[in-house]
Amino acid sequence: MKEERNVQLFRVGPCLFGTSSSIPDWKSEKLIPSLSHFLLSEKESLESKNKIIFSLNIKPEKDINEEDYSQYHQLVEFEWEGATCRISAMSGTDSYLITILAPNDTKEYSASFHSGFATGTLSLHATKADAFVLNNILMMVYAFKTACIDTVLMHASVIKKDGKGYLFLGKSGTGKSTHTRLWLENIPGCELLNDDNPIVHFNKETGEAIVYGSPWSGKTPCYKNDSVLVGAFVRLEQAPENIIKKEGAARAFASLLPSCSCLKAAEELNNGVIETVKLLAASLPVYHLKCLPDKAAAELSFNTIK
(Lines give C-alpha, C1' and ligand atoms only; values in the text may rest on other atoms or scores of the structure.)
Protein backbone atom coordinates (compact mmCIF):
# COMPACT_ATOMS: atom_id res chain seq x y z
CA MET A 1 0.00 0.00 0.00
CA LYS A 2 1.41 3.38 -1.00
CA GLU A 3 2.22 5.71 1.87
CA GLU A 4 0.00 8.79 1.97
CA ARG A 5 1.86 12.06 2.40
CA ASN A 6 0.90 15.59 3.28
CA VAL A 7 2.76 17.85 0.87
CA GLN A 8 3.27 21.63 0.99
CA LEU A 9 5.05 23.85 -1.53
CA PHE A 10 6.52 27.22 -0.64
CA ARG A 11 7.74 30.03 -2.88
CA VAL A 12 10.51 31.96 -1.17
CA GLY A 13 12.35 34.51 -3.25
CA PRO A 14 12.62 33.28 -6.84
CA CYS A 15 12.53 29.58 -5.88
CA LEU A 16 10.20 26.82 -4.68
CA PHE A 17 10.85 24.15 -2.07
CA GLY A 18 8.64 21.48 -0.61
CA THR A 19 8.04 19.62 2.62
CA SER A 20 6.17 16.36 3.06
CA SER A 21 5.29 13.93 5.81
CA SER A 22 3.27 10.79 6.47
CA ILE A 23 2.40 12.16 9.92
CA PRO A 24 -1.42 12.56 10.00
CA ASP A 25 -2.56 16.17 9.50
CA TRP A 26 1.03 17.37 9.22
CA LYS A 27 1.49 20.94 8.05
CA SER A 28 4.92 22.55 8.19
CA GLU A 29 3.33 26.00 8.42
CA LYS A 30 1.54 24.97 11.63
CA LEU A 31 4.86 24.23 13.27
CA ILE A 32 6.46 27.33 11.72
CA PRO A 33 3.74 29.99 11.24
CA SER A 34 6.06 32.30 9.28
CA LEU A 35 5.98 29.79 6.41
CA SER A 36 2.24 30.37 5.92
CA HIS A 37 2.94 33.66 4.11
CA PHE A 38 4.87 31.75 1.44
CA LEU A 39 2.64 28.69 1.08
CA LEU A 40 1.29 27.96 -2.40
CA SER A 41 -2.35 27.02 -2.76
CA GLU A 42 -3.15 23.66 -4.33
CA LYS A 43 -4.06 25.42 -7.58
CA GLU A 44 -0.84 27.46 -7.57
CA SER A 45 1.17 24.30 -6.89
CA LEU A 46 -0.36 22.57 -9.91
CA GLU A 47 0.09 25.60 -12.16
CA SER A 48 3.60 26.50 -11.07
CA LYS A 49 6.27 26.03 -13.70
CA ASN A 50 9.11 26.62 -11.26
CA LYS A 51 11.28 23.64 -10.46
CA ILE A 52 11.48 22.67 -6.79
CA ILE A 53 15.04 23.27 -5.64
CA PHE A 54 14.78 20.86 -2.71
CA SER A 55 12.30 18.72 -0.82
CA LEU A 56 12.39 17.64 2.81
CA ASN A 57 10.50 14.67 4.18
CA ILE A 58 9.64 14.92 7.88
CA LYS A 59 9.31 11.74 9.88
CA PRO A 60 8.67 10.95 13.54
CA GLU A 61 11.72 9.62 15.30
CA LYS A 62 10.16 6.19 15.78
CA ASP A 63 9.99 5.67 11.99
CA ILE A 64 13.69 6.30 11.41
CA ASN A 65 15.98 3.31 11.16
CA GLU A 66 19.34 3.59 12.86
CA GLU A 67 21.89 4.66 10.25
CA ASP A 68 25.63 4.34 10.18
CA TYR A 69 27.02 7.86 9.96
CA SER A 70 30.66 6.78 10.31
CA GLN A 71 31.28 7.35 6.58
CA TYR A 72 30.58 11.07 6.95
CA HIS A 73 33.38 13.50 7.67
CA GLN A 74 32.73 16.83 9.37
CA LEU A 75 32.91 19.96 7.21
CA VAL A 76 31.98 22.59 9.75
CA GLU A 77 30.65 23.03 13.28
CA PHE A 78 29.15 26.23 14.64
CA GLU A 79 26.96 27.48 17.46
CA TRP A 80 24.05 29.94 17.46
CA GLU A 81 21.16 30.73 19.80
CA GLY A 82 22.33 28.05 22.23
CA ALA A 83 22.36 25.31 19.58
CA THR A 84 25.28 23.37 18.09
CA CYS A 85 25.18 22.45 14.40
CA ARG A 86 27.48 20.14 12.45
CA ILE A 87 27.45 19.70 8.69
CA SER A 88 29.18 16.59 7.34
CA ALA A 89 29.67 15.00 3.93
CA MET A 90 30.17 11.46 2.69
CA SER A 91 33.43 11.15 0.76
CA GLY A 92 33.07 10.56 -2.95
CA THR A 93 29.32 11.32 -2.97
CA ASP A 94 26.97 14.29 -2.96
CA SER A 95 25.38 13.17 0.31
CA TYR A 96 25.35 15.40 3.39
CA LEU A 97 24.33 15.14 7.03
CA ILE A 98 23.16 17.99 9.25
CA THR A 99 23.03 17.34 12.99
CA ILE A 100 21.71 19.84 15.51
CA LEU A 101 21.81 19.73 19.29
CA ALA A 102 19.02 22.15 20.10
CA PRO A 103 18.55 24.15 23.30
CA ASN A 104 16.72 22.23 26.04
CA ASP A 105 16.93 18.93 24.13
CA THR A 106 19.36 16.24 25.20
CA LYS A 107 19.34 14.27 21.94
CA GLU A 108 20.66 15.38 18.57
CA TYR A 109 18.45 15.86 15.54
CA SER A 110 19.69 14.37 12.27
CA ALA A 111 18.79 15.29 8.71
CA SER A 112 20.33 13.35 5.82
CA PHE A 113 20.48 14.79 2.30
CA HIS A 114 21.29 13.39 -1.12
CA SER A 115 21.90 14.75 -4.62
CA GLY A 116 23.57 17.83 -3.25
CA PHE A 117 20.84 18.81 -0.75
CA ALA A 118 18.08 18.20 -3.34
CA THR A 119 16.25 15.63 -1.20
CA GLY A 120 16.40 15.11 2.52
CA THR A 121 14.82 13.39 5.51
CA LEU A 122 14.52 14.90 8.97
CA SER A 123 13.39 13.06 12.06
CA LEU A 124 11.64 15.10 14.76
CA HIS A 125 11.47 14.44 18.50
CA ALA A 126 7.97 15.77 19.16
CA THR A 127 9.38 18.41 21.54
CA LYS A 128 9.37 22.21 21.60
CA ALA A 129 12.73 22.16 19.79
CA ASP A 130 11.15 20.70 16.63
CA ALA A 131 10.17 24.11 15.26
CA PHE A 132 13.61 25.58 15.91
CA VAL A 133 15.36 22.70 14.14
CA LEU A 134 13.04 22.51 11.13
CA ASN A 135 13.11 26.27 10.62
CA ASN A 136 16.89 26.47 10.68
CA ILE A 137 17.42 23.46 8.46
CA LEU A 138 15.06 24.90 5.84
CA MET A 139 16.92 28.20 5.98
CA MET A 140 20.35 26.58 5.64
CA VAL A 141 19.37 24.26 2.80
CA TYR A 142 17.68 27.12 0.96
CA ALA A 143 20.95 29.08 1.12
CA PHE A 144 22.97 26.07 -0.09
CA LYS A 145 20.63 25.18 -2.96
CA THR A 146 20.39 28.74 -4.30
CA ALA A 147 24.13 29.41 -4.08
CA CYS A 148 24.73 28.51 -7.73
CA ILE A 149 21.68 30.23 -9.23
CA ASP A 150 22.63 33.88 -8.67
CA THR A 151 20.83 34.03 -5.32
CA VAL A 152 22.12 34.65 -1.80
CA LEU A 153 20.59 34.65 1.67
CA MET A 154 22.00 37.72 3.38
CA HIS A 155 22.33 38.71 7.01
CA ALA A 156 20.84 42.19 6.78
CA SER A 157 17.98 44.47 7.76
CA VAL A 158 16.02 45.87 4.80
CA ILE A 159 14.03 49.06 4.37
CA LYS A 160 11.61 49.47 1.47
CA LYS A 161 11.28 53.07 0.30
CA ASP A 162 9.99 54.57 -2.97
CA GLY A 163 10.18 51.30 -4.89
CA LYS A 164 13.70 50.41 -3.80
CA GLY A 165 15.16 48.18 -1.10
CA TYR A 166 18.05 49.36 1.06
CA LEU A 167 20.02 46.65 2.87
CA PHE A 168 21.95 47.45 6.03
CA LEU A 169 24.77 45.02 6.77
CA GLY A 170 27.16 44.41 9.62
CA LYS A 171 28.20 41.99 12.31
CA SER A 172 25.71 41.01 14.99
CA GLY A 173 25.40 43.87 17.47
CA THR A 174 26.46 46.52 14.96
CA GLY A 175 23.05 48.18 15.08
CA LYS A 176 21.32 47.10 11.87
CA SER A 177 17.88 46.86 13.46
CA THR A 178 18.46 50.10 15.36
CA HIS A 179 19.36 51.96 12.16
CA THR A 180 16.36 50.67 10.22
CA ARG A 181 14.13 51.59 13.18
CA LEU A 182 15.53 55.13 12.94
CA TRP A 183 14.56 55.20 9.26
CA LEU A 184 11.05 54.05 10.13
CA GLU A 185 10.74 56.73 12.80
CA ASN A 186 12.26 59.63 10.88
CA ILE A 187 11.96 59.01 7.12
CA PRO A 188 8.33 59.17 5.88
CA GLY A 189 7.11 56.37 3.62
CA CYS A 190 9.47 53.65 4.87
CA GLU A 191 8.52 50.03 5.44
CA LEU A 192 10.51 47.17 6.97
CA LEU A 193 10.81 44.31 4.46
CA ASN A 194 12.89 41.93 6.58
CA ASP A 195 15.04 42.35 9.67
CA ASP A 196 17.56 39.53 9.49
CA ASN A 197 17.62 37.20 6.47
CA PRO A 198 16.38 38.68 3.20
CA ILE A 199 17.07 36.99 -0.13
CA VAL A 200 18.86 38.77 -2.98
CA HIS A 201 18.71 37.55 -6.57
CA PHE A 202 20.77 39.01 -9.41
CA ASN A 203 19.07 38.96 -12.81
CA LYS A 204 21.80 38.61 -15.42
CA GLU A 205 19.41 39.47 -18.25
CA THR A 206 18.45 42.88 -16.83
CA GLY A 207 21.50 43.59 -14.68
CA GLU A 208 19.19 44.30 -11.76
CA ALA A 209 19.09 42.83 -8.27
CA ILE A 210 15.87 42.04 -6.42
CA VAL A 211 15.57 41.73 -2.65
CA TYR A 212 12.84 39.50 -1.24
CA GLY A 213 11.31 39.08 2.17
CA SER A 214 11.62 35.61 3.70
CA PRO A 215 10.20 33.37 6.46
CA TRP A 216 13.38 34.09 8.42
CA SER A 217 13.62 37.47 10.13
CA GLY A 218 15.47 36.89 13.39
CA LYS A 219 13.74 38.20 16.50
CA THR A 220 11.54 40.62 14.55
CA PRO A 221 8.30 39.06 13.25
CA CYS A 222 8.53 40.53 9.74
CA TYR A 223 7.68 37.76 7.26
CA LYS A 224 6.59 39.58 4.12
CA ASN A 225 6.09 37.79 0.81
CA ASP A 226 7.17 40.87 -1.10
CA SER A 227 10.06 42.02 -3.28
CA VAL A 228 11.61 45.21 -4.61
CA LEU A 229 14.65 46.26 -6.66
CA VAL A 230 17.80 46.77 -4.62
CA GLY A 231 18.70 50.43 -4.30
CA ALA A 232 21.91 50.13 -2.31
CA PHE A 233 23.83 48.22 0.35
CA VAL A 234 25.14 49.98 3.46
CA ARG A 235 27.74 48.45 5.77
CA LEU A 236 27.36 49.85 9.28
CA GLU A 237 30.06 50.52 11.83
CA GLN A 238 29.56 52.09 15.25
CA ALA A 239 31.50 55.33 15.59
CA PRO A 240 31.57 58.59 17.60
CA GLU A 241 30.36 60.58 14.56
CA ASN A 242 28.33 60.06 11.40
CA ILE A 243 30.37 59.62 8.20
CA ILE A 244 29.29 57.87 4.99
CA LYS A 245 31.45 56.94 2.00
CA LYS A 246 30.73 55.04 -1.22
CA GLU A 247 33.03 52.06 -1.70
CA GLY A 248 34.88 50.97 -4.81
CA ALA A 249 34.14 47.57 -6.36
CA ALA A 250 36.91 45.68 -4.56
CA ARG A 251 36.02 47.08 -1.15
CA ALA A 252 32.32 46.61 -1.91
CA PHE A 253 32.91 42.91 -2.55
CA ALA A 254 34.72 42.60 0.79
CA SER A 255 31.82 44.33 2.53
CA LEU A 256 29.10 42.13 1.00
CA LEU A 257 30.65 38.65 1.16
CA PRO A 258 30.72 38.20 4.97
CA SER A 259 26.98 38.91 5.10
CA CYS A 260 26.11 36.05 2.73
CA SER A 261 25.25 32.59 4.07
CA CYS A 262 27.40 29.91 2.45
CA LEU A 263 29.01 26.53 3.02
CA LYS A 264 32.66 27.39 2.46
CA ALA A 265 33.77 23.77 2.73
CA ALA A 266 31.69 22.86 -0.35
CA GLU A 267 33.76 24.44 -3.11
CA GLU A 268 31.04 24.60 -5.77
CA LEU A 269 28.55 26.24 -3.43
CA ASN A 270 31.10 28.70 -2.07
CA ASN A 271 32.19 29.68 -5.59
CA GLY A 272 28.56 30.24 -6.53
CA VAL A 273 28.11 32.74 -3.71
CA ILE A 274 31.37 34.48 -4.62
CA GLU A 275 30.28 34.90 -8.25
CA THR A 276 26.93 36.39 -7.22
CA VAL A 277 28.62 38.81 -4.81
CA LYS A 278 30.99 39.90 -7.58
CA LEU A 279 27.98 40.78 -9.73
CA LEU A 280 26.29 42.67 -6.91
CA ALA A 281 29.44 44.61 -6.00
CA ALA A 282 30.08 45.60 -9.61
CA SER A 283 26.49 46.59 -10.39
CA LEU A 284 25.11 48.31 -7.28
CA PRO A 285 26.22 51.08 -4.94
CA VAL A 286 27.73 49.93 -1.66
CA TYR A 287 28.35 52.40 1.15
CA HIS A 288 30.23 52.34 4.45
CA LEU A 289 28.41 54.24 7.19
CA LYS A 290 30.23 55.03 10.42
CA CYS A 291 27.51 56.19 12.73
CA LEU A 292 25.86 56.92 16.03
CA PRO A 293 22.44 55.41 16.83
CA ASP A 294 20.64 58.69 16.19
CA LYS A 295 18.25 60.49 13.85
CA ALA A 296 21.08 62.32 12.11
CA ALA A 297 22.64 59.01 11.02
CA ALA A 298 19.38 57.89 9.42
CA GLU A 299 18.96 61.22 7.64
CA LEU A 300 22.57 61.17 6.43
CA SER A 301 22.31 57.68 4.97
CA PHE A 302 18.90 58.37 3.39
CA ASN A 303 19.97 61.64 1.77
CA THR A 304 23.18 60.04 0.44
CA ILE A 305 21.86 56.80 -1.03
CA LYS A 306 18.33 57.72 -2.18
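A short tour of the structure in this document, coming up. In this text, all values refer to a predicted model and were calculated from it rather than measured experimentally.

## Examining the overall build of the chain
- Assigned secondary structure in the chain consists of 7 helices and 17 strands.
- What you see for the chain is a C-alpha radius of gyration of 20 Å, in line with the 19 Å of a compact globule of 306 residues.
- Put simply, the chain has 306 residues, and 50% of those count as buried.
- Here the analysis covers contacts within the chain between residues at least 6 apart in sequence; of these, 61% occur between residues at least 24 apart.
- Working note: accessible area of the chain is about 14,900 Å², and carbon and sulfur atoms make up 49% of it.

## With respect to the packing of helix α4 (residues 176–186) against helix α7 (residues 295–305)
- Closest axis-to-axis distance for the α4/α7 pair is 9 Å, and the angle between their directions is 85°. As the angle between them shows, α4 and α7 are arranged roughly perpendicular. Contacts from H179, L182, W183 and N186 in α4 reach K295, A297, A298, S301, F302 and I305 in α7.
- Partitioned by chemical class, the residues of the contact of α4 with α7 number 6 nonpolar, 3 polar and 1 charged.

## Here we look at the environment of S115
- With respect to the helices, strands and loops of the structure, S115 is situated in the loop between β7 (109–114) and β8 (119–124).
- In this structure the C-alpha to C-alpha distance between S115 and Y96, which are 19 residues apart in sequence, comes to 8.7 Å.
- Excluding residues that lie within four positions of it along the chain, S115 makes contacts with D94 and K145.

## A look at the side chain of K161
- Structurally, K161 can be placed in strand β10 (residues 156–161).
- Among the polar contacts listed, one links the side chain of K161 to the backbone oxygen of P188, at a separation of 2.5 Å.
- Filtering out sequence-adjacent residues up to four positions away, K161 remains in contact with Y166, I187, P188, G189, C190 and F302.

## A few points about the pairing of strand β17 (residues 286–291)
- With 5 of 6 residues buried, β17 lies mostly within the body of the structure.
- Bridging between strand β16 (residues 243–246) and β17 involves 4 bridges; their strand directions are antiparallel. The residue of β17 that forms the bridge with K245 is H288.

Basis of the calculations
Residues numbered from 1 in each chain as written. Predicted model: local features only at pLDDT ≥ 70, side-chain atom pairs only at ≥ 80, totals over all residues. Heavy atoms only, no water. Helix = DSSP H or I, 4+ residues; strand = E, 2+ residues; numbered from the N terminus. Rg over C-alpha atoms; globule rule 2.2 N^0.38 Å. Buried < 20%, exposed > 50% of the residue type's maximum accessible area, 1.4 Å probe, protein only. Contact = heavy atoms within 4.5 Å. Areas by Shrake-Rupley, 256 points an atom, 1.4 Å probe, with all protein chains shown as cover. Axes fitted to C-alpha atoms, helices over the stretch in contact; angles between N-to-C directions. Parallel < 35°, antiparallel > 145°, perpendicular 65-115°, else oblique. Nonpolar A, V, L, I, M, F, W, Y, C, P; charged D, E, K, R; others polar. Polar contact = N/O pair within 3.5 Å; in protein donor to acceptor, adjacent residues only side chain to side chain. Pairing = 2+ DSSP bridges.

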